[in-house]
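The residues making up each chain are set out below.
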Amino acid sequence: MLIHRRIHWKRTCRAVTLPEPSASLRPLRVAIVCAESMADGYAPSAHINGIADALRSLGHEVSVIGEDNGPYHDAGLSGRMVRYARINWQAAQALPDADIMLARAHFAHWPWAYQAKRRGVPVVHEMNGLMFDAATTYPWLGPMQALINKCYRAQFEWAAGVACTSGEIARHVGSQGLDVPISIVGNGVDPALFYPATTGMSDTLTAIFPSALAPWHGIDTLLAALDDPAWPAGLTLEIAGDGVRAGAVIARAQVNPRLRYLGLLGRHELAAHLRKATIGLCLVDTIEHRGVGEVYPLKLFELMASGLPIIATDLPGQREIVRDSGAGLVVPAHDSAALAAGVRDLLARGDRHAMGLAGASAVRLQHSWRIRAIELERVLRAALLRSAR
């Protein structure tokens, strides 16, 4: 049996045909490569380790090529360049032992991706963002955007496939006019790690926001909502994560006792914090081209899996998941007053605990890493078939 999936965007796109997984098929030797920091607590670590463990549970042999480079602020430009060089060398060394390579798409993968092309090893790039995200986060990279685009485009031209985590990203890749099959394999969660609290609720009322503190994750909107008169007086806001907006969060926490900055938390520590929280916040703002299409952030699935009622911004993708599962409320993006009012209204609802459990059930059934690994396995096998032909 074959599964046909068509990815839609404004430009013409061809269908991607994916074979059903079968126990009779030979297990794959998959090497996963990541140029970003794999420090525990960052999204690349959660995503790659979640997928790798799930692929192993399906019987595949999986190796991960990446480095834990510690906190975001400790990396520095020179440290990143050295890391890119090491990872490119390690990935090139892994080519002979891999049936297929899976790369968390990054412009710095260009050298080893070229070697994979020369040696005939198929590569599937997993695209978790847009090609200009780096320049949005680090404006000083703006003059290098043309070079960054060329590095991405060359890798995609050589690739056996691109797996995108949302329709927004798939349309972005498709708009480049490349002749490469594009699939959608979204984010997920480990229900064995993120699950609802089994004991009584905490006496302390907290709204928690776990996120990479990037410009498009609504940090400024959230901080403004905390100062809005509608924000419940007895509700503490906890922010967990790291990124370019961490300084603004730290500065505000020093003067506002209702804000607690938790810093970067490892996955197990974060999961424990989520089980103690009252409300989960999942904010994405529309900045430049970010958030104009479907968004499925990792934090949405982790918050829902933890049994928290959700306040999410009204963007395609996450709003449908929250509304269809009955897991929470949706508020407009960039609207701090609406966010504060939404938090107030959700906190006052007598059924918010039931909303959280409904969200946890929906995520467990539809968005686990194992389900994502099955989808990705089909993409990888289809890429191998195309490469063989």
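So, here is what we can say about the structure in this document.

1. Things to note about the sheet that holds strand E5 (residues 100–104)
- Here 6 strands make up an open sheet; going across it, the order is E4-E3-E5-E6-E7-E8 and the pairing parallel. Unpaired on one side and paired on the other, strand E4 (61–67) and strand E8 (182–184) mark the two borders of the sheet. Within the sheet, the average angular offset between the axes of one strand and its neighbour, ignoring direction, is 20 degrees.
- Where strand E7 (residues 161–164) and E8 come together, 3 bridges link them in parallel fashion. Each residue of the ladder has a partner; that of Cys 164, found in E8, is Ile 184.
- Contacts between helix H6 (residues 167–174) and the sheet are confined to strand E6 (123–127), E7 and E8, with E8 contributing the most and set at about 170 degrees to the helix.

2. A look at the nonpolar core
- Among the nonpolar cores identified, the biggest contains 27 residues, and Trp 231, Leu 237, Ile 239 and Leu 281 are the most heavily contacted of them.
- Listed by contribution, the elements that provide at least two residues to this core are strand E9 (206–210), helix H7 (219–226), strand E10 (236–240), helix H8 (246–253), strand E12 (279–282) and helix H12 (336–348).
- Dropping the residues within four chain positions of it, Trp 231 is found in contact with Ala 207, Ala 225, Leu 226, Leu 237, Arg 258, Leu 281, Ala 340 and Val 343.

3. Considerations on unusual backbone geometry
- The phi dihedral of His 334 falls on the positive side, at around 65 degrees, and the residue is not glycine.
- As for its position among the elements, His 334 is in the loop between strand E14 (328–331) and H12.
- Residue His 334 is classed as partly exposed on the basis of its relative accessible area of 44%.

4. Side note on the pattern of salt bridges
- The tally for this structure, following the rule as stated, stands at 16 salt bridges.
- For Arg 319, the salt bridge goes to Glu 320, with nearest N and O atoms at 2.9 Å.
- A relative accessible area of 33% means that Glu 320 is categorised as partly exposed.
- We note a salt bridge from Glu 377 to Arg 381, for which the minimum N-O separation is 3.3 Å.

Criteria and thresholds
- Residues numbered from 1 in each chain as written.
- Predicted model: local features only at pLDDT ≥ 70, side-chain atom pairs only at ≥ 80, totals over all residues.
- Heavy atoms only, no water.
- Pairing = 2+ DSSP bridges.
- Helix = DSSP H or I, 4+ residues; strand = E, 2+ residues; numbered from the N terminus.
- Axes fitted to C-alpha atoms, helices over the stretch in contact; angles between N-to-C directions.
- Contact = heavy atoms within 4.5 Å.
- Core = buried A, V, L, I, M, F, W, Y, C linked by side-chain atoms within 4.5 Å.
- Buried < 20%, exposed > 50% of the residue type's maximum accessible area, 1.4 Å probe, protein only.
- Salt bridge = Lys/Arg side-chain N within 4 Å of Asp/Glu carboxyl O.

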